[in-house]
Amino acid sequence: MRLGVNIDHIASLRQARGTPYPDLVEAAAIAERAGADGITIHLREDRRHIQESDVRSLRKTLRTRMNLEMANSPDVVAVALEVVPDEVCMVPERRLELTTEGGLDVAGKFAELEPTVCALRDKGVEVSMFIDPDMRQVEASARIGAPYIELHTGAYANAVGTARAEELERIRTAAREAAKLGLKVNAGHGLDYGNLADILAIPELDTLNIGHSIVCRSVFVGLENAVREMLRLIGRE
Ligand code: PXP
C-alpha cells in the first residue's frame, strides 16, 4: 500500500495571510523524506490553496510522484497538459464546497470527460477518476480508458456504526469489481489515524491519498513525524 500526501492545507495556511511561507516545496521535501510515495495537490478553479506557480515549482523539485487533482475546467486542464504530472485525478468541483463532497459523475458526464482523459493519456499521464463506490461509475471509468480510479472514502469516514459498516462494504465491493475490470484502485478523503484499519484490509487498494489529518497532526508533531506515523499505521515502517 502506498501513501500519497496531500499538501493542499499547507497552502491554505499560506493563503490565509498571503505570506510566502510555509513553503510548499519544503513541505513536499519533508513529506518525501519521511517516506511519502507521492505528493498530491488540488489546483482548484478558485485557487483557494494551490496556485499554478506551486504546480510548476513542485514539478521541478518533487523526487517522488506528482498527483494533480483537478476538475474538468479548461484553464486547469491546460496547466496539466503543460506541466504533465505523473498522475491526474479528475474530481468534481463546486465553488462553495469546503472540500470535494462527492465523486465524479463519470457515467453522466462521459462525453465531456473523454477528450480530457484522452489528451492526458496521450501525454503519458496516468489518469484516475475520483468516484463514489458505485458500480455504474466504476464501469464508466473502465470504459473511458482511465487506468485508475480513486474511491471516495468520505461517506465511510463520516458514517458511524452500521452505516459505516455498509459504506465499508460498498468500498470493498467496488474495489473488487474494479480490479476485475482491470482498473487499479486508490482511495482517499476523510481518512485519518483512527479510521484507517478497515480500509487497509481491502486487498485491491494501491495508494491512499491523505491530506487533512496529516497536516492537522503536523501542527503538534511536525510534518515529518505526522507522515511517519501514518506510514507506520499502514505497515510501511
Ligand atoms: N483524494 C481526493 C480526490 C481529494 O479531493 C482529497 C481532498 O483534496 C483527498 C484525497 C484527501 O482528502 P483529505 O484531505 O480528507 O485526507
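Structure shown above.
This is a predicted model, so every value here is computed, not measured. (Residues numbered from 1 in each chain as written. Predicted model: local features only at pLDDT ≥ 70, side-chain atom pairs only at ≥ 80, totals over all residues. Heavy atoms only, no water.)

## Some remarks on the overall build of the protein chain
- On a plain count of helices and strands, the protein chain comes out with 11 helices and 8 strands.
- Taking the principal axes of the C-alpha coordinates as reference, the protein chain spans close to 45 × 40 × 30 Å.
- Counting only residues that meet the buried cut, the protein chain has 49% of its 237 residues in that class.
- Partitioning the contacts of the protein chain with sequence separation of at least 6, the portion at a separation of at least 24 is 65%.
- Taken as a whole, the protein chain presents about 10,600 Å² of accessible surface, with 51% of it coming from carbon and sulfur.
- Taken together, the 29 basic and 37 acidic charged side chains of the protein chain have centroids lying 2 Å from each other. (Helix = DSSP H or I, 4+ residues; strand = E, 2+ residues; numbered from the N terminus. Buried < 20%, exposed > 50% of the residue type's maximum accessible area, 1.4 Å probe, protein only. Contact = heavy atoms within 4.5 Å. Areas by Shrake-Rupley, 256 points an atom, 1.4 Å probe, with all protein chains shown as cover. Lys, Arg positive; Asp, Glu negative; His and termini not counted. Charge placed at Lys NZ, Arg CZ, Asp CG, Glu CD.)

## A closer look at the sheet that holds strand 6 (residues 148-152)
- Strand order around the closed barrel formed by 8 strands is 1-2-3-4-5-6-7-8, with parallel pairing between neighbours. Each strand axis lies, on average, 25 degrees off the axis of its neighbour in the sheet, ignoring direction.
- In terms of strand pairing, strand 4 (residues 87-90) meets strand 5 (residues 126-131) through 4 bridges, oriented parallel. Its bridge partner lying in strand 5, valine 88 is registered against valine 127.
- The strands that helix 5 (residues 110-122) touches are strand 3 (65-70), strand 4 and strand 5; relative to strand 5, the one it contacts most, it runs at about 145 degrees. (Pairing = 2+ DSSP bridges. Axes fitted to C-alpha atoms, helices over the stretch in contact; angles between N-to-C directions.)

## A short note on empty space enclosed by the protein
- For the coordinates displayed, the defined rule picks out 1 cavity of 30 Å³ or more.
- Of all elements in the fold, only strand 1 (2-6), strand 2 (38-42), strand 3 and strand 8 (205-210) reach the threshold of two or more residues within the lining of the largest cavity.
- Split into classes, the residues belonging to the lining of the largest cavity amount to 2 nonpolar, 6 polar and 4 charged. (1 Å grid on protein atoms, 1.4 Å probe; cavity = no way out; pocket = protein on both sides within 12 Å on 5 of 7 lines; lining within 4 Å. Points joined across faces, edges and corners; volume = space filled by probe spheres on them. Nonpolar A, V, L, I, M, F, W, Y, C, P; charged D, E, K, R; others polar.)

## Some details on the layout of surface pockets
- Here the second largest pocket is characterised by a volume of approximately 190 Å³.
- Residue lining of the second largest pocket: Ile10, Leu13, Pro22, Asp23, Glu26, Ala27, Ile30, Val215, Ser218, Val219 and Leu223, and that is the complete set.
- Secondary-structure elements contributing two or more residues to the lining of the second largest pocket are helix 1 (8-17), helix 2 (24-34) and helix 10 (212-221).
- For the lining of the second largest pocket, a count of residues per class yields 8 nonpolar, 1 polar and 2 charged.

Such coordinate-based values are descriptive only and should not be taken to indicate function.
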